[in-house]
Each structure stands twice: as C-alpha cells, then as structure tokens.
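Descriptive analysis of the structure
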Amino acid sequence: MNEHDQRAQFREAPEPEEGTRTTPKIVLAYIAILIVWGVGYYAWQIGKPLQGGDSRTPVAAEHQQSQPANVASSDTSQSTDTSAEEASSADNSSEQSATSPENSAATETAETEDTPSAAASEDSEAGSGSTASANVDGEALFSAHCSSCHQATGQGIPGAFPPLAGSKWLQADPNIPIAIVHDGLEGEIEVAGDTFQGMMPPLGGQLSDAEIAGVLSYARSAWGNDASEVSPDTVAKHKERFGSRGSWSADELTEVFGEH
Amino acid sequence: MTPTIAILLIITFLLSTVGLLLLIWSIANNQFSYGQSAARTIFSPGEEGHSEDPALADKPDFTGDTSAQASAIKARWTADQSSRTAVLTWLSSAVFWLILGSFFGLVTSLKMHLPEFLVSSEFLTFGRVRPVHLNAVTYGWASMAGIGVALFLIPRLFKTALAGGKYAVSGAFIWNIGLVLGLVAITLGYSDGEEWLEFPWQIDILFVFGGALCAIPLLLTAANRQVEHLYVTSWYLMAALVWFPILFLIANLPFTFPGASGATVNWWFAHNVLGLWVTPIGIGIAYYMIPKILGRPIISYQLSLIGFWSLALFYSQVGIHHLVGGPIPTWLVTLSIVHSVMMSIPVITVAINHHGTMMGNFKRLKDSPTLRFVWIGALMYTASSLQGSMEALRSINVITHFTHYTVAHAHLGMYAFLSFILFGAVYFIMPRLTNWEWPWRRLISLHFWLVSIGILIYFVSLTVGGWLQGTALLDAEMPFMDIVRMTLPALEGRTIGGALMTLGHIVFAFHFVALLMRRGAGNEQPTLFRPAVKEPTQ
C-alpha cells in the first residue's frame, strides 16, 4: 500500500461530526405553534360530516349557484373564455377554505360584465338561490346525476354516450324520457344519426317525481332544445301505469308510446 | 367525526409529540450519556479544516505526518477496500437501471401527447410502460444506488472493515434477477395492479431475500464498530435499512388487504417508500457529504436529533393523504393531514442544519461536483417536502389531486432531491474505489447542466399545467376534452425536459463506464468543474 494507492482518501477532509449549536428559539416556537394547530385541526373536525371528502362536491354545488343558469347563452363563448372560467373556479375553491365575501362579489361582477343579459342572470341567480328548498333545481340535478355521461354541454361522448342536445327521444312525448329516466334503457338506440350500444341505469329509486320532472324540464329546454315542461303529475301517472319494471329498449319505447 | 374519535386522536397526538420532545431533550442533555461529549470521540486530532478545495492552496496540506492522521487515513482506506466489490456491484447495476428506466419514462411521456406512438404492440402500451418506468427507477436506480452508497458509508462511519461483503454481492445478483423478472412480468401483463406494488408477489420474495442478504453485512459491521458515538448519517442509513424491509414485506403480503384497506396499505407503503426509505438515504448522504467536502462540522447536534426523531414519528401516517376524498374513514385522512403538516418540523430542522453548514461556503459550489449535486439535492428536499405538506391540506388537495401537478411534485422529490444527491455521492465514491479520477471534467459539467435544465423544464411545465388542469376540472361546465387539450403544452414540455434528463444520464453512464475502464489521465488531482489551480499541466 503506497501513497498512490490511496490518494483520494489521503487528501480528503476528516470524517464529519456534529457541532454544538443549540436549537434556535424560533424552531421551538414553530414546533409549539404546530402542536397547537394539530390539536385545533382535530377539534375543528368534530361534527363535520363523515364524507372523508376533499370538499369536491360542495365546490361543485357552490359553483352551480354562483354561476347562474346562463349555460345556454354562454355555451358558444365557453371554449374561448377559458381563462375567465378558470379564474372564477379558482376563486370558488379559495372561497371554500377562506370565505372572503369580497372575492365572490368580485367574481359576480366580473361575470355580469361578461354576460350581455346581466339583469336576467342576476334575477335567475337570486331565484335559484332561494328555491333550493321550495322548487327543484333541474340544472343542479342534471349536474349531479346526468352530466358525468351526457356531459354538462349535453353533447354526450361520441361512440359511448348519446347526446341530449337535439335528441328527438328527449324532446318527444314527455312519457318517453320519463320512461327512460325512471326505468332505465338498455340495448341499441339511434340518436341524432348515430347508433349507441349501452345501458342507462334506472333513476326512479333515487329521484322523486318532482325531481325527475325538474331535471327533464331543464334538459328539454337547455342547449337549444325546445320542448314543453314536464309536470310531476305526468311522472306519477307513468308510475301508476307501469309500476316498477325493468329497463326499456328502443323498440319497446316505439311500440308503447308510438314513433318519436 | 365524533367527539370521541377526535379526543382520542388529540390525546394520542399530544402524548406522542410531547413524549418525543422529552426523549430528544434527554438525549441532547446527556441523560443517557450519549451526548455531545461522546460525539467528539470520532474526531481524530488535527484533522480539521482540510478539504478538496484548490482555492485553499495556502493552507498547509494534510500530510498524514502525525500518527493520528496516519491512522485516520488507514481507517478510511481499510473501510473503502473492504466494501469495494459490493459497492461497485450495486452502483453499476443502478446505473444500468437508470438508463433503462429513463427510456421507459421518455416513452411514457411521449404517449401522453402522441397517443398513437408505439401502440401496435400490447407490450408497449401506456399501462405497461409506465409501471416499468416507475419500478425500474425506484427499485433499480434509486434503491440500488442508495444501498450501494450505504454499503460504502457505513464501514467508514463505523471505522471498521465491512464484514461479509460477499453476502451483499450475492444480494445484488438476486435483486437484479428480481428486477428482470418483475419488469418482464409487468410487460407481459402480470401485474399486482397497485401503484408501486406492481411486481407479482411471488417475485417480491426475491427482493426480500436480496435485501436481507444486504442487511447481514451491515448488521455485522455495526456490531464491530470502532466508534462510540454514531454520527447522524448512520442513524438515517441504519433506520432506512430496517424500515424498508418491514414496509415492503407487509405491503406485499398476498390476500391480506382486500378492497379499501388494500388502497390504504397501498398508499401507506407508496408514500413510505419515499419518506422512510429514499428520504433517510438522501438526507443521510447529504449529512455526510456536505461537512465532508467543506471540512467543517454540521452545525447542530440537537437539530439533527429533532430532525431524525420527528421524521420517525410523523412520516408513517402521511401516505393516506393520497386518499383524501376516498372511501376510507375520515379520522384516518385527518390524522394523515395533521402528520403531513407536522412533517415540516423535520424538514425545517434538517434544512437549518444543511444550509447553515453551507453558509459562507457557497463559492465552493463552483468547484466540487459532489457538493454542487448534493447541496442542490438538499435544497430540493426542503422545497419538495414543504410543497408536499401544503398539498395534503384539503383546500389545496381539491385542486392538485388527480392532476399533473402531483407528478411534478413526485419528480421534484425523487429526482431533484434524491437522484441529485445520489449523483453527487457516486462522483465522490468512484475515485476512492477505483483509485482513478473521473476522466473528463467537461462531461461532469455537461451531465450537470443537462439534468438541471431538464428537471427545471419538467417541473415548471407540469406544475403550471397541472394547476390550470386542477382548477379547470372543478369547473363543471368545461368539457373534459377541452381540459385534456389544455394540458398538451405542459405534456410536451415534460417530454423536452425528460429527453434532456435522459441525455444527461447517457453522458453520466458513459463517463461511469469510462472510469471503470480507466480512461483519461487518472490524475493526482480531483476532477473538479474548474481546472484545479495546482494542476501541474495547466
């Protein structure tokens, strides 16, 4: 073993060791603050619902409320207006945690400046806010139960889920969409020139008559659709007539209710 | 959450935290007689203030004249020679898996914005190349390089020869066989189907075996140690080597955790691979390399204590923040969030220790490749950990969850922190094992700049793109395909960054092989970023 065999070992600094500096006071203070915060965070969760959640659903709901029912009018500007959309949704989520009223006020004014029908949207916003208990909010129901497949734009997904915008099935005799939503649909169906092969689950067990009527009324008038409102009584009559039955097929629908 | 559960959580939290602070206080104040006075025993007389810095040429050389100095050199020499074969085996394998894993990462990244790329073969579809990338870089590169560096450092720290090095060599072979079989299995479609746990459990047995064969020499060496005080690096390395086998074994037990509990164990494991396996290895190496290159001690023993023990207490519960919003008990998620935030305690104490030691020595970053890689790694540890604590909070998680933001964060931790520190360590270790200097200093520069610019592009584009994606996903009126299209520039940026990183790895691997083949001059001087002032030829 000569000097050349260990030149790297020879020139290096000693093995490291620890110094004796004491812990800075600010670190101790930080630890104390975090312990207090931890206890407070646990305590703050008492009584919170056991949703385990990341507040995703409440944000969506709040978003629906702060963005009035001007979907149809803002439909075309949607894709171009991406940045504004993002900004407003970011505001919404920060609201969720920090709750700053000025923030949401700013969002609203920004929106009303964007929209030509400012007065109309304010009206409908006030309406949808207060009607949550009395009336049914068809748009919110749609967003919760339908939009994951049929999309918020009502365009569906080509090849997988049929569009609702412009669908003749939806805009025909109200009994047809009631049957589909209440009892489900299975098998091949042709919508707007395309054939879909899929399955729609029955929602009769989850939605009340008024809710089915509300969501259908919304879908029948949104995205350029133009068909009559659906009343809860029609839904009740449908239930009387067919009771609880399995899914419909497109052929059965035509057979029972006639050509759409 | 009911008051009963909350009160139980609060009591547990307070008891464990206060208990831990008491333990640290007791150790720091010598209640167990393992305190600071014991720390001095590892310090050979007259060894202070010598370093590899050519700018310090006016200082007297460390000549090994005195018998104490001579014996210190002899101890290092003995330690390095004893671990030589084992370390070279583990490190060479790691470099191979780094290259393979990088290419699979690049293919995965290309597929994100060129979905038609390489789809003709089922073996190269996204669902298979992505797990191959993840497992190759985690268990191939990071774990093997980490074990290799640990095998090098532990004999040095204990001032003794590595006992039973041949067990570690055979462990490397078994580990490599496991990797080959596991990656082939994933490519053929035989996967356990859980992220970070894709290898079929039958193959996992090989890793348990290979790892255990590594633990034998390390435990034997620890039993033979010639020092009374254990330096902080050895705490981290020994702890990591104890924790990982336990985690890996429990998480891979077949048929034990069905359904939601399986998801809980999955993320408990996946995050602990980062926090209780690669993080202690990375921090431990930084704790060794920074004072080693600078030739001055780490500033505070007390901060080391707080940093180590709070990591040990808080980290294990952190992983469940990946399931915020998932079908598991709320109290578990809440516990995980609190502990994720508490993790800022070890992060800040370690940061003060590392960067406080660097204070006043930043000019040394111009010269030493090891110091530059390791210090940037340590800095990115601070950054990525604080970012991680923030991401666990529900209000931020709702935006960043399920987006590319998380991917950027993961690479900040695994690459900018861990891989940089491992690169630095390899630059330090190899000349000491081969008795040959790195052949070309410009290749080290090239490697450094390629991977640094690469990870910078990667991180910035995915962070920005991921945040925009997250806010857009919360907007129920935005069509999903618009959001996908919106992320395309970020994904292309990732491919550019990833390509630069892969290129850097090729340079690194080429240089590594050239060193093993003893190309270049094999200088008397260390290979630094700038030509050393004392170099006779210049």
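A brief report on the enclosed structure follows. No experiment lies behind these values; they were computed from the predicted model shown. (Residues numbered from 1 in each chain as written. Chains lettered and ligands numbered in written order. Predicted model: local features only at pLDDT ≥ 70, side-chain atom pairs only at ≥ 80, totals over all residues. Heavy atoms only, no water.)

Residue and element names in this part refer to chain B. Ranked by internal contacts, the top residues of the largest apolar core, which has 161 residues, are Leu151 and Phe269. At 19 residues, helix 8 (residues 259-294) tops the list of elements feeding residues into this core. Looking at this core, you find at least three residues from each of domain 1 (72-228) and domain 2 (267-529). (Core = buried A, V, L, I, M, F, W, Y, C linked by side-chain atoms within 4.5 Å. Buried < 20%, exposed > 50% of the residue type's maximum accessible area, 1.4 Å probe, protein only. Helix = DSSP H or I, 4+ residues; strand = E, 2+ residues; numbered from the N terminus. Domains from an automatic or database assignment.)

Attention now moves to the side chain of serine 234 of chain B. Its place among the elements puts serine 234 of chain B in helix 7 (residues 232-252). With residues up to four places along the chain from it excluded, the contact list for serine 234 of chain B reads Leu157 and Phe158 of chain B. (Contact = heavy atoms within 4.5 Å.)

The next thing to look at is helix 12 (residues 369-392) of chain B. In this model, helix 12 of chain B (24 residues) spans 34 Å end to end at C-alpha, consistent with the 34 Å of a helix rising 1.5 Å per residue. Extensive coverage of helix 12 of chain B is indicated by the burial of 18 of its 24 residues. (Expected span 1.5 Å × (residues − 1).)

It is worth spelling out the state of the cysteines at this point. Throughout the structure, instances matching the rule amount to 0 disulfides over all chains. The thiol of cysteine 149 of chain A is not disulfide-bonded; the next cysteine sulfur, from cysteine 146 of chain A, is found 9.0 Å away. (Disulfide = S-S within 2.5 Å.)

All names here are of chain B. The topology assignment puts serine 461 in helix 15 (residues 441-473). Polar contacts involving the side chain of serine 461 include one to the main-chain carbonyl oxygen of tyrosine 458, which spans 3.3 Å. Filtering out sequence-adjacent residues up to four positions away, serine 461 remains in contact with Ala490, Gly493 and Arg494. (Polar contact = N/O pair within 3.5 Å; in protein donor to acceptor, adjacent residues only side chain to side chain.)

Turning our attention to the packing of helix 8 of chain B against helix 14 (residues 404-434) of chain B. Residue and element names in this part refer to chain B. Between helix 8 and helix 14, the shortest axis-to-axis distance is 10 Å and the interhelical angle comes to 45°. In terms of axis orientation, helix 8 runs oblique to helix 14. Where helix 8 crosses over helix 14, the two elements pack in a sense that is left-handed. Contacts between helix 8 and helix 14 involve Leu274, Val278, Thr279, Gly282, Ile283, Ile285, Ala286, Tyr288, Met289, Lys292 and Ile293 from the first element and Met414, Phe417, Leu418, Ile421, Leu422, Ala425 and Phe428 from the second. Split by residue class, the contact of helix 8 with helix 14 holds 15 nonpolar, 2 polar and 1 charged. (Axes fitted to C-alpha atoms, helices over the stretch in contact; angles between N-to-C directions. Parallel < 35°, antiparallel > 145°, perpendicular 65-115°, else oblique. Left-handed = near helix turned anticlockwise from the far one by under 90°. Nonpolar A, V, L, I, M, F, W, Y, C, P; charged D, E, K, R; others polar.)

Take the pattern of salt bridges next. For the coordinates displayed, the defined rule picks out 14 salt bridges over all chains. Among the ionic pairs, arginine 156 of chain B bridges to glutamate 12 of chain A, the shortest N-O distance being 2.6 Å. With arginine 156 of chain B in helix 4 (residues 126-157) and glutamate 12 of chain A in the loop between helix 1 (7-11) and helix 2 (25-44), the pair connects residues from two separate chains. The partner of glutamate 195 of chain B in a salt bridge is arginine 130 of chain B, with the nearest N and O atoms 3.0 Å apart. Of this pair, glutamate 195 of chain B sits in the loop between helix 5 (165-188) and helix 6 (201-223) while arginine 130 of chain B sits in helix 4, and the two are 65 residues apart along the sequence. (Salt bridge = Lys/Arg side-chain N within 4 Å of Asp/Glu carboxyl O.)

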